[in-house]
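In case you want the letters, here they are:
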Amino acid sequence: NEQAVFFPEDGRPELPENNIAVADDVKGTEKVFEFDSSFGPKSTQEEVFNEVEALVTSVLDGFNVCIFAYGQTGSGKTYTMEGSDTDKGINPRTLSRLFDQITERSNAYSY
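Counting from 1, residues in each chain are numbered in the order their sequence is written. Totals for whole chains, interfaces and linings use all residues, but because this is a predicted model, local features are given only for residues with pLDDT of at least 70 and pairs of side-chain atoms are given and counted only at 80 or more. Only heavy atoms go into the side-chain values, all of them from the structure, while hydrogens and water stay out.

**Student:** I would appreciate a short explanation of the overall build of the protein chain in the present structure.
**Tutor:** The secondary structure listing takes helices from DSSP runs of H or I that are at least 4 residues long and strands from runs of E that are at least 2 residues long, numbered from the N terminus. Scanning the protein chain for helices and strands turns up four helices and three strands. Reading the protein chain from its N terminus to its C terminus gives the helix and strand order β-β-β-α-α-α-α. Put simply, the radius of gyration uses C-alpha atoms, and a globule should come to 2.2 Å times the residue count raised to 0.38. Expected size for 111 residues packed as a compact globule is a radius of gyration near 13 Å; at 18 Å, the protein chain overshoots this value by more than 25%. Oriented by its inertia axes, the alpha-carbon framework of the protein chain measures out at about 60 × 25 × 20 Å. By residue count, 19% of the 111 residues in the protein chain fall in the buried class. We call two residues in contact when some of their heavy atoms are within 4.5 Å. Residue pairs in contact within the protein chain that sit at least 24 positions apart in sequence constitute 32% of those at least 6 positions apart. Here the open area of atoms and residues is found with the Shrake-Rupley method and a 1.4 Å probe, where only the protein chains shown may cover a residue. Carbon and sulfur atoms provide 51% of the accessible area of the protein chain, an area that totals close to 8300 Å². In this tally, Asp and Glu contribute negative charge and Lys and Arg positive charge; neither His nor the terminal groups of the chain are included. Taken as the charge location is NZ of Lys, CZ of Arg, CG of Asp or CD of Glu. Looking at charge distribution, the protein chain has the averaged site of its 9 positive side-chain charges lying 3 Å from that of its 20 negative ones. Exposed residues in this analysis have more than 50% of their type's maximum accessible area, buried residues have under 20%, and partly exposed residues fall in between, with area computed by a 1.4 Å probe over protein chains only.

Structure follows, in structure tokens:
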């Protein structure tokens, strides 16, 4: 088996949402991990951003926020955070939403 990481969308209905399974073919074992959110290879930039968009409001409300991407080399961390010219990632979408909210709140708040 060449695939080592499995998401529910990979035809693994026994995996609950936001769980992934990691196979160890050498040991013949598999471990399942649960996350607050998980995104498979077919996830869109919009789906990922929708998960973190509420954090923009938290920043404007005075909370510290950190969003980071974690994974193995070549797994798409930079693409997820930066995106491309035609498919923006988390960083440019967050900045755009941040300035939109500042404009929307300009009558009630001074930043």
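The rest of the description comes next.
**Student:** What is the right way to read the nonpolar core from this model?
**Tutor:** The nonpolar side chains of soluble globular proteins are, as a tendency, buried together. By size, the foremost hydrophobic cluster in this structure holds five residues: Val48, Phe49, Val52, Met81 and Ile90. The dominant element in this core, judged by the number of residues it contributes, is helix 1 (residues 45–52), at three residues. Residues within four places of methionine 81 in sequence aside, it is in contact with Ile67, Ala69, Gly89, Ile90, Asn91 and Pro92. Only buried residues count toward a nonpolar core. Its members are Ala, Val, Leu, Ile, Met, Phe, Trp, Tyr and Cys residues joined through side-chain atoms within 4.5 Å.

**Student:** Would you mind showing me how to read the packing of aromatic side chains here?
**Tutor:** Think of a pair of aromatic rings as described by two things: how far the centres are apart, and how the planes are tilted against each other in angle. Pairing of aromatic side chains requires ring centres within 6.5 Å, counting the rings of Phe and Tyr and the six-membered ring of Trp. Pairs whose planes differ by under 30 degrees are stacked, by over 60 edge-to-face, and all others tilted. If you walk through the whole model with that rule in mind, you get zero aromatic pairs. Across from the ring centre of phenylalanine 6, 4.9 Å away, lies the NZ or CZ of arginine 12, which sits over that ring. Sitting over the face of the ring of tyrosine 109, arginine 105 holds its NZ or CZ atom 5.1 Å from the ring centroid. For a ring to carry a charge above it, either NZ of a lysine or CZ of an arginine must fall within 6 Å of the ring centroid while also lying within 35 degrees of the normal to the ring plane.

**Student:** Can you walk me through the pairing of strand 3 (residues 29–34) in this structure?
**Tutor:** Every regular strand shows the same layout, with side chains that alternate between the two sheet faces. Strand direction decides the pairing type here: strand 2 (residues 19–24) and strand 3, joined by six bridges, are antiparallel. Counterpart to valine 22 in the pairing with strand 3 is lysine 31. Pairing between two strands requires that DSSP report at least two bridges joining them. Hairpin geometry of strand 2 and strand 3 is characterised by an intervening segment of four residues between the two adjacent antiparallel strands and by a positive phi of about 70° at glycine 28.

**Student:** When you look at unusual backbone geometry in this model, what are you seeing that I'm missing?
**Tutor:** Comment: phi is negative for the bulk of residues other than glycine, and the bulk of peptide bonds are trans. In this structure, asparagine 18 takes a positive phi of about 70° despite not being glycine. Mapped onto the secondary structure, asparagine 18 falls in the loop between strand 1 (5–6) and strand 2.

**Student:** How should I be thinking about the pattern of salt bridges in this particular structure?
**Tutor:** Side chains bearing opposite charge may pair, as long as their charged atoms lie close to each other. Any carboxyl oxygen of Asp or Glu within 4 Å of a side-chain nitrogen of Lys or Arg constitutes a salt bridge here. Under the definition given, this model contains six salt bridges. With a closest N to O distance of 3.2 Å, glutamate 53 and arginine 97 form a salt bridge. You can see glutamate 53 sitting in the loop between helix 1 and helix 2 (54–60) and its partner arginine 97 sitting in helix 4 (residues 90–104), a full 44 residues away along the chain. Between aspartate 87 and arginine 93 there is a salt bridge whose closest N-O contact spans 3.5 Å. For aspartate 87, a relative accessible area of 27% corresponds to the partly exposed category.

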